[in-house]
Amino acid sequence: MSTSTRRKVFTLSDAWREFWKYPSPWMILATLVGAATARIVVGDWQYTDALVPVVMVASFPFFEWLVHVFILHWRPRRIGGLTVDSLLARKHREHHLAPRSVPEVFIPWPALLWVLPVAIAIALLAFPRPGLGLSFLAVLTVLGLAYEWCHYLIHSDYKPKTRMYRAIYRDHRLHHFKNEHYWFTVTSSGTADRVLRTYPDPRTVQTSPTAKNLHAG
(Lines give C-alpha, C1' and ligand atoms only; values in the text may rest on other atoms or scores of the structure.)
Protein backbone atom coordinates (compact mmCIF):
# COMPACT_ATOMS: atom_id res chain seq x y z
CA MET A 1 0.00 0.00 0.00
CA SER A 2 1.41 3.40 -0.97
CA THR A 3 1.92 6.15 1.58
CA SER A 4 -0.71 8.26 -0.15
CA THR A 5 -3.43 5.63 0.30
CA ARG A 6 -2.41 4.42 3.77
CA ARG A 7 -4.92 5.43 6.45
CA LYS A 8 -3.69 8.26 8.67
CA VAL A 9 -3.08 7.31 12.29
CA PHE A 10 -5.53 9.09 14.61
CA THR A 11 -3.40 10.61 17.34
CA LEU A 12 -4.28 11.95 20.76
CA SER A 13 -3.79 15.47 19.36
CA ASP A 14 -6.29 14.70 16.60
CA ALA A 15 -8.76 13.48 19.22
CA TRP A 16 -8.24 16.60 21.34
CA ARG A 17 -8.95 18.90 18.39
CA GLU A 18 -12.07 16.99 17.39
CA PHE A 19 -13.34 16.88 20.98
CA TRP A 20 -13.67 20.66 21.08
CA LYS A 21 -15.75 20.79 17.90
CA TYR A 22 -18.86 19.83 19.90
CA PRO A 23 -20.91 22.13 22.15
CA SER A 24 -21.24 20.04 25.32
CA PRO A 25 -17.56 20.25 26.39
CA TRP A 26 -17.64 24.02 25.90
CA MET A 27 -20.80 24.37 27.98
CA ILE A 28 -19.30 22.37 30.82
CA LEU A 29 -16.00 24.26 30.54
CA ALA A 30 -17.79 27.61 30.72
CA THR A 31 -19.54 26.49 33.92
CA LEU A 32 -16.20 25.31 35.33
CA VAL A 33 -14.52 28.66 34.60
CA GLY A 34 -17.42 30.51 36.21
CA ALA A 35 -17.42 28.25 39.28
CA ALA A 36 -13.63 28.43 39.72
CA THR A 37 -13.61 32.22 39.33
CA ALA A 38 -16.45 32.64 41.82
CA ARG A 39 -14.73 30.25 44.25
CA ILE A 40 -11.54 32.31 44.20
CA VAL A 41 -13.48 35.56 44.68
CA VAL A 42 -15.54 34.18 47.59
CA GLY A 43 -12.50 32.83 49.44
CA ASP A 44 -13.36 31.42 52.89
CA TRP A 45 -11.19 28.33 52.38
CA GLN A 46 -11.68 25.63 55.00
CA TYR A 47 -10.52 22.05 55.43
CA THR A 48 -13.90 20.78 54.19
CA ASP A 49 -13.07 22.21 50.76
CA ALA A 50 -10.20 19.73 50.55
CA LEU A 51 -12.59 16.89 51.34
CA VAL A 52 -14.90 17.75 48.45
CA PRO A 53 -12.73 16.36 45.60
CA VAL A 54 -11.84 13.26 47.63
CA VAL A 55 -15.48 12.39 48.32
CA MET A 56 -16.64 13.25 44.82
CA VAL A 57 -13.92 11.30 43.00
CA ALA A 58 -14.62 8.27 45.20
CA SER A 59 -18.38 8.45 44.63
CA PHE A 60 -18.34 9.41 40.94
CA PRO A 61 -18.19 5.80 39.61
CA PHE A 62 -21.35 5.04 41.58
CA PHE A 63 -23.00 8.20 40.25
CA GLU A 64 -22.08 7.12 36.71
CA TRP A 65 -23.51 3.66 37.36
CA LEU A 66 -26.81 5.00 38.70
CA VAL A 67 -27.28 7.48 35.85
CA HIS A 68 -26.36 4.87 33.24
CA VAL A 69 -28.67 2.20 34.62
CA PHE A 70 -31.71 4.21 35.69
CA ILE A 71 -31.69 7.24 33.36
CA LEU A 72 -29.80 6.35 30.17
CA HIS A 73 -31.18 2.79 30.00
CA TRP A 74 -34.66 3.89 30.99
CA ARG A 75 -37.29 1.79 29.24
CA PRO A 76 -40.16 3.99 27.90
CA ARG A 77 -43.27 3.57 30.04
CA ARG A 78 -46.92 4.44 29.60
CA ILE A 79 -48.22 6.24 32.69
CA GLY A 80 -51.81 7.47 32.61
CA GLY A 81 -51.91 7.46 28.82
CA LEU A 82 -48.64 9.41 28.61
CA THR A 83 -45.34 7.95 27.41
CA VAL A 84 -42.50 8.79 29.78
CA ASP A 85 -39.25 8.80 27.83
CA SER A 86 -36.56 11.42 28.47
CA LEU A 87 -34.30 13.05 25.91
CA LEU A 88 -31.28 11.48 27.61
CA ALA A 89 -32.73 7.98 27.28
CA ARG A 90 -33.73 8.53 23.65
CA LYS A 91 -30.31 9.88 22.69
CA HIS A 92 -28.61 7.04 24.53
CA ARG A 93 -30.58 4.50 22.50
CA GLU A 94 -29.40 6.29 19.36
CA HIS A 95 -25.86 6.07 20.70
CA HIS A 96 -26.14 2.29 21.10
CA LEU A 97 -27.54 1.99 17.58
CA ALA A 98 -24.60 3.92 16.13
CA PRO A 99 -21.70 3.80 18.60
CA ARG A 100 -19.32 5.12 15.94
CA SER A 101 -21.35 8.30 15.46
CA VAL A 102 -19.35 10.92 17.35
CA PRO A 103 -22.17 13.48 17.87
CA GLU A 104 -24.17 10.86 19.77
CA VAL A 105 -21.27 10.24 22.17
CA PHE A 106 -21.64 13.54 24.01
CA ILE A 107 -24.19 14.56 26.61
CA PRO A 108 -26.96 16.17 24.51
CA TRP A 109 -26.49 19.93 24.75
CA PRO A 110 -30.25 20.60 25.12
CA ALA A 111 -30.15 18.46 28.27
CA LEU A 112 -27.26 20.55 29.61
CA LEU A 113 -29.48 23.63 29.31
CA TRP A 114 -31.30 22.37 32.41
CA VAL A 115 -28.72 20.03 33.97
CA LEU A 116 -26.14 22.78 34.44
CA PRO A 117 -28.58 25.29 36.00
CA VAL A 118 -29.78 22.57 38.37
CA ALA A 119 -26.17 21.85 39.36
CA ILE A 120 -25.61 25.57 39.97
CA ALA A 121 -28.78 25.79 42.07
CA ILE A 122 -27.66 22.81 44.18
CA ALA A 123 -24.26 24.40 44.67
CA LEU A 124 -25.78 27.69 45.83
CA LEU A 125 -28.68 26.37 47.91
CA ALA A 126 -27.78 22.95 49.29
CA PHE A 127 -24.52 23.73 51.10
CA PRO A 128 -23.97 25.45 54.46
CA ARG A 129 -21.69 28.10 52.93
CA PRO A 130 -21.26 29.47 49.37
CA GLY A 131 -17.57 28.57 49.17
CA LEU A 132 -18.24 24.89 49.80
CA GLY A 133 -21.01 24.84 47.21
CA LEU A 134 -18.73 26.45 44.63
CA SER A 135 -16.01 23.91 45.43
CA PHE A 136 -18.59 21.20 44.74
CA LEU A 137 -19.59 22.82 41.43
CA ALA A 138 -15.99 23.24 40.27
CA VAL A 139 -15.15 19.59 41.00
CA LEU A 140 -18.41 18.40 39.43
CA THR A 141 -17.64 20.19 36.16
CA VAL A 142 -14.09 18.81 36.13
CA LEU A 143 -15.55 15.31 36.51
CA GLY A 144 -18.11 16.10 33.80
CA LEU A 145 -15.34 17.08 31.39
CA ALA A 146 -13.39 13.95 32.33
CA TYR A 147 -16.47 11.84 31.58
CA GLU A 148 -17.02 13.52 28.21
CA TRP A 149 -13.36 13.12 27.26
CA CYS A 150 -13.12 9.45 28.29
CA HIS A 151 -16.38 8.54 26.58
CA TYR A 152 -15.46 10.39 23.41
CA LEU A 153 -11.96 8.89 23.30
CA ILE A 154 -13.29 5.34 23.65
CA HIS A 155 -15.57 5.83 20.64
CA SER A 156 -13.01 7.70 18.55
CA ASP A 157 -10.34 6.17 16.30
CA TYR A 158 -7.69 6.64 18.96
CA LYS A 159 -6.21 3.32 20.08
CA PRO A 160 -5.44 2.79 23.78
CA LYS A 161 -1.80 2.82 24.78
CA THR A 162 -1.77 2.86 28.58
CA ARG A 163 -2.84 -0.02 30.79
CA MET A 164 -5.52 2.02 32.57
CA TYR A 165 -7.06 3.33 29.35
CA ARG A 166 -7.00 -0.14 27.77
CA ALA A 167 -9.05 -1.43 30.71
CA ILE A 168 -11.62 1.37 30.40
CA TYR A 169 -11.74 0.92 26.62
CA ARG A 170 -12.25 -2.84 26.95
CA ASP A 171 -15.04 -2.56 29.51
CA HIS A 172 -17.02 0.03 27.60
CA ARG A 173 -16.74 -1.88 24.33
CA LEU A 174 -18.02 -4.97 26.14
CA HIS A 175 -21.03 -2.91 27.24
CA HIS A 176 -21.72 -1.87 23.65
CA PHE A 177 -20.86 -5.02 21.74
CA LYS A 178 -21.14 -7.91 24.23
CA ASN A 179 -23.98 -7.23 26.66
CA GLU A 180 -25.63 -3.93 27.61
CA HIS A 181 -26.60 -5.21 31.06
CA TYR A 182 -23.03 -5.06 32.38
CA TRP A 183 -19.97 -2.76 32.51
CA PHE A 184 -21.76 0.54 33.18
CA THR A 185 -18.90 2.77 34.37
CA VAL A 186 -17.03 4.86 31.81
CA THR A 187 -14.22 6.76 33.52
CA SER A 188 -12.97 3.84 35.60
CA SER A 189 -12.67 0.08 35.24
CA GLY A 190 -14.17 -2.44 37.62
CA THR A 191 -15.02 0.05 40.38
CA ALA A 192 -18.75 0.50 40.94
CA ASP A 193 -19.44 -2.42 38.60
CA ARG A 194 -17.58 -4.81 40.88
CA VAL A 195 -19.38 -3.57 43.98
CA LEU A 196 -22.79 -3.65 42.29
CA ARG A 197 -22.15 -6.98 40.58
CA THR A 198 -22.22 -5.88 36.96
CA TYR A 199 -18.61 -6.84 36.23
CA PRO A 200 -18.69 -10.52 35.23
CA ASP A 201 -16.03 -12.50 33.44
CA PRO A 202 -16.86 -11.78 29.76
CA ARG A 203 -16.33 -15.46 28.95
CA THR A 204 -19.35 -16.35 31.09
CA VAL A 205 -21.69 -13.79 29.47
CA GLN A 206 -23.79 -14.43 26.40
CA THR A 207 -23.71 -11.89 23.61
CA SER A 208 -26.91 -9.88 23.88
CA PRO A 209 -29.12 -9.53 20.77
CA THR A 210 -30.22 -6.09 22.03
CA ALA A 211 -26.82 -4.55 22.77
CA LYS A 212 -27.28 -2.20 19.83
CA ASN A 213 -31.07 -1.94 19.76
CA LEU A 214 -31.92 -1.40 23.43
CA HIS A 215 -35.27 -2.72 24.68
CA ALA A 216 -35.98 -4.38 21.32
CA GLY A 217 -36.66 -7.72 22.94
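Source: prediction; values computed, not measured.

**Q** Help me understand the overall build of the protein chain, please; the structure alone is not making it clear to me.
**A** Secondary structure assignment for the protein chain yields 8 helices and 2 strands. For the protein chain, the spread of C-alpha atoms along the principal axes amounts to about 60 × 55 × 30 Å. Burial analysis of the protein chain (217 residues in total) assigns 44% to the buried set. Total accessible area computed for the protein chain in this model is approximately 12,500 Å², and 67% of it derives from carbon and sulfur atoms. Each charge sign in the protein chain was given a centre, from 25 positive and 14 negative side chains, and these centres are 6 Å apart.

**Q** What's the story with the UniProt feature "transmembrane region" (unreviewed entry) in the protein chain in this structure? I'm lost.
**A** Mapped onto the present numbering, the UniProt feature "transmembrane region" (unreviewed entry) falls on residues 26–45, 51–72, 105–127 and 133–154. Secondary structure over residues 105–127 splits into 74% helix and 0% strand, and the C-alpha atoms at its two ends are 32 Å apart. Counting secondary structure, residues 133–154 comes out at 100% helix and 0% strand; the distance between its end C-alpha atoms is 32 Å.

**Q** When you look at the packing of aromatic side chains in this model, what are you seeing that I'm missing?
**A** Geometry of an aromatic ring pair is reported as the spacing of the ring centres plus the angle between the planes. Using the criterion set out here, one finds 18 aromatic pairs in the structure. When the ring of W65 is compared with that of F184, the centres are 5.9 Å apart and the planes differ by 75°; the resulting orientation is edge-to-face. You can see W65 sitting in helix α3 (residues 47–72) and its partner F184 sitting in the loop between α7 (163–177) and α8 (192–195), a full 119 residues away along the chain. Judged by relative accessible area, F184 falls into the buried class, the value being 6%. These aromatic residues form a ring-pair network of at least three members: W16, F19, W20, Y22, W26, F106, W149 and Y152. Sitting over the face of the ring of W74, R77 holds its NZ or CZ atom 4.1 Å from the ring centroid.

**Q** Looking at this model, I keep getting lost on the side chain of H151. Mind explaining?
**A** Secondary-structure assignment places H151 in helix α6 (residues 130–155). Only 3.2 Å separates the side chain of H151 from the side chain of H172, close enough to count as a polar contact. Ignoring any residue separated from it by four or fewer positions in sequence, one finds H151 in contact with H95, V105, H172 and V186.

**Q** Help me understand helix α2 (residues 23–42) in this model?
**A** Note that an α-helix has 3.6 residues per turn; residues three or four places apart therefore point the same way. Compared with the 28 Å implied by 1.5 Å per residue over 20 residues, the 29 Å span of α2 between its first and last C-alpha is a close match. The set of residues buried in α2 consists of S24, P25, I28, T31, L32, A35 and R39. Looking down the long axis of α2, one finds its buried residues gathered within 130° of arc, a one-sided arrangement. Set apart from the buried face of α2 by more than 90 degrees, the exposed residues are A30, I40 and V41.

**Q** Honestly, the environment of S59 in this entry has me stumped. Any pointers?
**A** When you line up the elements, S59 lands in helix α3. Judged by relative accessible area, which is 34%, S59 ranks as partly exposed. Considering only alpha carbons, one finds S59 and W114, 55 residues apart in sequence, at a separation of 23 Å. From its side chain, S59 meets the backbone oxygen of V55 in a polar contact 2.9 Å long.

**Q** In this structure, what is going on with the side chain of E104? I would like to understand it.
**A** The topology assignment puts E104 in the loop between α4 (87–97) and α5 (109–125). A polar side-chain atom of E104 sits 3.3 Å from a polar atom in the side chain of K91. Residue contacts for E104: discarding those within four places in its chain leaves K91, E94 and H95.

**Q** What exactly am I supposed to notice about the nonpolar core here?
**A** A general tendency of soluble globular proteins is for nonpolar side chains to be buried together. In this structure, F106 and Y152 are the most contacted members of the largest nonpolar core, which totals 36 residues. At the level of secondary structure, the elements contributing two or more residues to this core comprise α1 (12–19), α2, α3, α5, α6 and α7. In terms of residues, this core owes the most to one element, α6, which gives 13 residues. Beyond its immediate chain neighbours, meaning those up to four positions away, F106 contacts F19, Y22, S24, P25, E148 and Y152.

**Q** How should the pattern of salt bridges be read in this particular structure?
**A** Side chains bearing opposite charge may pair, as long as their charged atoms lie close to each other. Counted under the stated rule, the structure contains 10 salt bridges. Sharing partners across several salt bridges, the network here consists of R39, D44, D49 and R129.

**Q** How should I be thinking about the packing of α2 against α5 in this particular structure?
**A** The packing of two helices is summarised by the inter-axis angle and the distance between the axes. α5 packs onto α2 with a crossing angle of 15° between their chain directions and a minimal axis gap of 10 Å. Considered as vectors, α2 and α5 are oriented roughly parallel to each other. In terms of crossing hand, the pair formed by α2 and α5 is right-handed. On the side of α2, the interface is formed by P23, S24, M27, I28 and T31, while α5 contributes W109, L112, L113, L116 and I120. Of the residues that constitute the contact of α2 with α5, the class distribution is 8 nonpolar, 2 polar and no charged.

What counts, and at which threshold
Residues numbered from 1 in each chain as written. Predicted model: local features only at pLDDT ≥ 70, side-chain atom pairs only at ≥ 80, totals over all residues. Heavy atoms only, no water. Helix = DSSP H or I, 4+ residues; strand = E, 2+ residues; numbered from the N terminus. Buried < 20%, exposed > 50% of the residue type's maximum accessible area, 1.4 Å probe, protein only. Areas by Shrake-Rupley, 256 points an atom, 1.4 Å probe, with all protein chains shown as cover. Lys, Arg positive; Asp, Glu negative; His and termini not counted. Charge placed at Lys NZ, Arg CZ, Asp CG, Glu CD. UniProt positions renumbered as here; feature names shortened; annotations may be inferred. Phe/Tyr/Trp six-rings, centres within 6.5 Å; stacked < 30°, edge-to-face > 60°. Lys NZ or Arg CZ within 6 Å of the ring centre and 35° of its normal. Polar contact = N/O pair within 3.5 Å; in protein donor to acceptor, adjacent residues only side chain to side chain. Contact = heavy atoms within 4.5 Å. Expected span 1.5 Å × (residues − 1). Arc of directions from axis to C-beta. Core = buried A, V, L, I, M, F, W, Y, C linked by side-chain atoms within 4.5 Å. Salt bridge = Lys/Arg side-chain N within 4 Å of Asp/Glu carboxyl O. Axes fitted to C-alpha atoms, helices over the stretch in contact; angles between N-to-C directions. Parallel < 35°, antiparallel > 145°, perpendicular 65-115°, else oblique. Left-handed = near helix turned anticlockwise from the far one by under 90°. Nonpolar A, V, L, I, M, F, W, Y, C, P; charged D, E, K, R; others polar.

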